[in-house]
Amino acid sequence: MSVLAYDLGASSGRALLGHLNDRGMETLEIHRFKNEPVKVGERMHWDILRLHHELLAGLNLVKQSGEQPESLAIDSWAVDYGLLGSNGELLGNPYHYRDAQFNGMMEQVREELTSEAIFERTGIQFLSFNTIYQLATLRRHQSPLLNEAERFLMIPDLLRYFLTGEAVNEFTNATTTQLYNPTKAQWDQELLAHIGISDKLFGEVVMPGTRIGQVRNSICGDLGISAIPVIAVAEHDTGSAVVAVPATERSFAYLSCGTWSLMGTEIDQPAISAESLALNFTNEGGAGGTFRLLKNIMGLWILQECMREWERQGQAISYADLLAKAERSTPFASLFDPDDDLFLAAGDMTTRIQQYCRDTGQTLPQDQGAIARSILESLALKYRRVMGWTEQLSKQSFNGLHMVGGGIQNHLLCQWTANSIGKPVWAGPAEGSAIGNMAVQWMASGAFKDIWEARRAIRDSFPITTYEPQDRTTWEEAYGRFLRITDSYLAQSESEV
């Protein structure tokens, strides 16, 4: 039984074939491609038509391999979207969530409605680029797009629409917008009315595992392929990654690690409380009717931006060489909070890291190894803090941490995370989002009866590396210093505002 999974991240995309047989699950990468934003004037966009082209290229390569998948599905990052006009055509290229035009809108909307009211209705973490603030920005800037729009589709919805002609919103991604009410299981009309957006733009929300038509006849004809059913899986890539967590116990903590790091646990009902609001946690939809109580952490974006900066300067370095330099650098010389707004925008990342260290009276990391070490140690220490908050909110105690996603190929980050939390880290599988995407397709076909049978198959099919904690005393001291530095810097920043 073969299925095709498209997994689109914020920097690259891939198409993987999944096979299910008596030996378990197997994956084969068919196509990999870049996903680079395009800046035009002052605006930053996603190159959505190029992504559609790459999906078709993947289908063609599948055909050339002699495969005929039983179904296909797409997962991607959250919050971003496209708007369709009355003729069903896309109105403009979707904006990138890091576009500067959205800066400041979250604060305006929170002041108007209060944070408590918004969180009570959505349970979603406050991030400046959430869909609600993107749409509020367009309305208040009198964007002509909204005057012409008749349908709102998030990125996987939109790409699925290109493939099938069916315009449907999927649950896990819909919940990330901060416009979906999980207790009422519908789009929140009061929030939409406040930002001046018609609820008629928003359609039916379907659950992961729902079949949404099949690949258009025109595409099948052009490529010379037979019709392929299209499944709405857990289309937020983290939702798919959590499906792929090879947990053996119902109570588990996970870290989906890539451009973003997302840490949390799986719960049956959203945890909407004053405490989860104060800690800025989120309650995003999951597969099987679950919710993901988690927190977004800036992740390897900071390291990726530094590497892009060095490449532009003619100082490109391989990932392996960079990790080797980081390992040889002085431990804990320069720590910072990866989630500070200072690190959200693209460009000049090394300068901003040095600025944070200068402002906190620390050694300024100068060379590539010192900068990389400061990033990875700061991430590992932040993970410990967020894991403690996750245990506090969920009223659970976790025996260790499951790490999935491409970030697990960074062996230093995995080991230092284990050192930081003082518990084992179980790393794998690396292609978590794609594997979770496949698993939901097989659940839809009846090959797996539920998510736990799928997780057992994943655990038996893919290697898991265990990292045991080391250097406990050293890391305990570093954690105390990390808290003092970051809490003091945050307090100072807030007092200046």
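Residues numbered from 1 in each chain as written. Predicted model: local features only at pLDDT ≥ 70, side-chain atom pairs only at ≥ 80, totals over all residues. Heavy atoms only, no water.

## Focus on unusual backbone geometry
Piece 1. Cis geometry is found at the peptide bond from Gly428 to Pro429, where omega equals 0 degrees.
Piece 2. If you trace the backbone, Pro429 turns up in the loop between strand 20 (425-427) and helix 17 (432-445).
Piece 3. Phi is positive for Lys395, which is not a glycine, with a value near 55 degrees.
Piece 4. Relative to the elements of secondary structure, Lys395 occurs in the loop between helix 15 (368-394) and strand 19 (401-404).
Piece 5. Overall, Lys395 belongs to the exposed group, its relative accessible area being 70%. (Helix = DSSP H or I, 4+ residues; strand = E, 2+ residues; numbered from the N terminus. Buried < 20%, exposed > 50% of the residue type's maximum accessible area, 1.4 Å probe, protein only.)

## Examining the nonpolar core
Piece 1. Ranked by internal contacts, the top residues of the largest apolar core, which has 167 residues, are Met25 and Ile353.
Piece 2. In terms of residue count, the dominant contributor to this core is helix 15 (12 residues).
Piece 3. Those residues in contact with Met25 that sit more than four places away from it in its chain are His19, Leu20, Ile435, Met438, Trp442, Phe448, Ala457, Ile458, Ser461 and Phe462. (Core = buried A, V, L, I, M, F, W, Y, C linked by side-chain atoms within 4.5 Å. Contact = heavy atoms within 4.5 Å.)

## Here's the deal with the pattern of salt bridges
Piece 1. Taken as a whole and assessed by the stated rule, the structure comprises 23 salt bridges.
Piece 2. In this structure, Arg32 and Glu431 form a salt bridge, with 3.1 Å as the shortest nitrogen-oxygen distance. Placement of the pair is Arg32 in strand 3 (residues 24-34) and Glu431 in the loop between strand 20 and helix 17, with a sequence separation of 399 residues.
Piece 3. Judged by its relative accessible area of 43%, Arg32 is partly exposed.
Piece 4. Of the charged contacts in the structure, one is a salt bridge between Arg373 and Glu377, with a shortest N-O distance of 2.7 Å. (Salt bridge = Lys/Arg side-chain N within 4 Å of Asp/Glu carboxyl O.)

## Focus: empty space enclosed by the protein
Piece 1. For the structure on display, the rule yields two cavities of 30 Å³ or more.
Piece 2. Its boundaries defined by the atoms lining it, the largest cavity holds a volume of some 60 Å³.
Piece 3. Every residue along the wall of the largest cavity is listed here: Tyr81, Gly82, Leu83, Leu91, Gly92, Asn93, Pro94, Tyr95, Leu138 and Leu145.
Piece 4. Here the lining of the largest cavity gets three residues from one element, more than from any other, and that element is strand 7 (residues 81-84).
Piece 5. The calculated volume of the second largest cavity comes to roughly 40 Å³.
Piece 6. If you go around the second largest cavity, the residues you meet are Leu59, Val62, Lys63, Glu67, Gln68, Pro69, Ile225 and Ile228.
Piece 7. Of the residues contributing to the lining of the second largest cavity, the split by class is five nonpolar, one polar and two charged. (1 Å grid on protein atoms, 1.4 Å probe; cavity = no way out; pocket = protein on both sides within 12 Å on 5 of 7 lines; lining within 4 Å. Points joined across faces, edges and corners; volume = space filled by probe spheres on them. Nonpolar A, V, L, I, M, F, W, Y, C, P; charged D, E, K, R; others polar.)

## Quick word on the UniProt feature "domain: Carbohydrate kinase FGGY C-terminal" (unreviewed entry) in the protein
Piece 1. Listed under "domain: Carbohydrate kinase FGGY C-terminal" (unreviewed entry) in the UniProt record, and renumbered for this structure, are residues 253-444.
Piece 2. For residues 253-444, helix accounts for 46% and strand for 16%, while the C-alpha atoms at its two ends are 26 Å apart. (UniProt positions renumbered as here; feature names shortened; annotations may be inferred.)

## Focus: the UniProt feature "domain: Carbohydrate kinase FGGY N-terminal" (unreviewed entry) in the protein
Piece 1. The UniProt feature table records "domain: Carbohydrate kinase FGGY N-terminal" (unreviewed entry) at residues 3-243.
Piece 2. A helix fraction of 35% and a strand fraction of 26% characterise residues 3-243, whose end C-alpha atoms lie 16 Å from each other.

## Some points on the pairing of strand 2 (residues 12-21)
Piece 1. Across the 10 residues that make up strand 2, a large majority, eight, are buried.
Piece 2. Direction of pairing for strand 1 (residues 2-8) relative to strand 2: antiparallel, over a ladder of seven bridges. Paired with Val3 across the strands is Gly18, a residue of strand 2.
Piece 3. Note that strand 2 and strand 3 share 10 bridges and pair antiparallel. Across the sheet, residue Leu17 finds its bridge partner in strand 3, namely Leu28. (Pairing = 2+ DSSP bridges.)

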